[in-house]
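Residue-level listing of the chains:
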Amino acid sequence: MLSKWFFASRDLKTSPSPGKTVDCSASPAKSFSVQVSGVNGTLTSWNVVIEVSNDNETFTTITTHSNLNEVEGETKSTGANLFPCFYFRSRCVSLNLGTASSGSVILDGAN
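Quick summary incoming for the structure in this document. (Residues numbered from 1 in each chain as written. Predicted model: local features only at pLDDT ≥ 70, side-chain atom pairs only at ≥ 80, totals over all residues. Heavy atoms only, no water.)

Disulfides are covalent bonds that connect the sulfur atoms of two cysteines. According to the stated counting rule, one finds zero disulfides in the structure shown. With no disulfide of its own, Cys85 has Cys24 as its nearest cysteine by sulfur position, at a separation of 4.6 Å. Assessed through its relative accessible area of 2%, Cys85 is described here as buried. (Disulfide = S-S within 2.5 Å. Buried < 20%, exposed > 50% of the residue type's maximum accessible area, 1.4 Å probe, protein only.)

Between side chains of opposite charge, a pair can form as their charged atoms come close. Overall, the coordinates contain four salt bridges when judged by the stated rule. Residue Lys20 is joined to Asp11 by a salt bridge in which the shortest nitrogen-to-oxygen separation is 2.9 Å. The buried category is assigned to Asp11, whose relative accessible area is 7%. The partner of Arg91 in a salt bridge is Glu51, with the nearest N and O atoms 2.6 Å apart. Here Glu51 lies in strand S5 (residues 45-53) and Arg91 lies in strand S8 (residues 87-96), a separation of 40 residues in the sequence. On the basis of relative accessibility, which here comes to 3%, the residue Glu51 falls in the buried class. One network of salt bridges, in which partners are shared, links Glu51, Arg89 and Arg91. (Salt bridge = Lys/Arg side-chain N within 4 Å of Asp/Glu carboxyl O. Helix = DSSP H or I, 4+ residues; strand = E, 2+ residues; numbered from the N terminus.)

Fair warning: the whole summary comes from geometry, so function is off the table for now.
Structure representation (structure tokens):
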């Protein structure tokens, strides 16, 4: 039986781009959460996704955190839906900084 592992990543964004890829191949992650917030101000709009992969090349979106459905600073999780994988990352699809100097994306994964 695998022991419980927890993985975390934080990216600061000023424009759309993928975040750092987290390698959890030694103990695959399966549940995830993401938090998006402005740094030194408030974001006007954002769309950040969690992506998972088994080969570190092809990534699939499993959930979205956006200003259309979530509140800035709110944590969104995949809940009871499990997505076992060897690699995961956030990807900022769109971002309007508003009064913020950057957007903070905190991504967590657990097995």
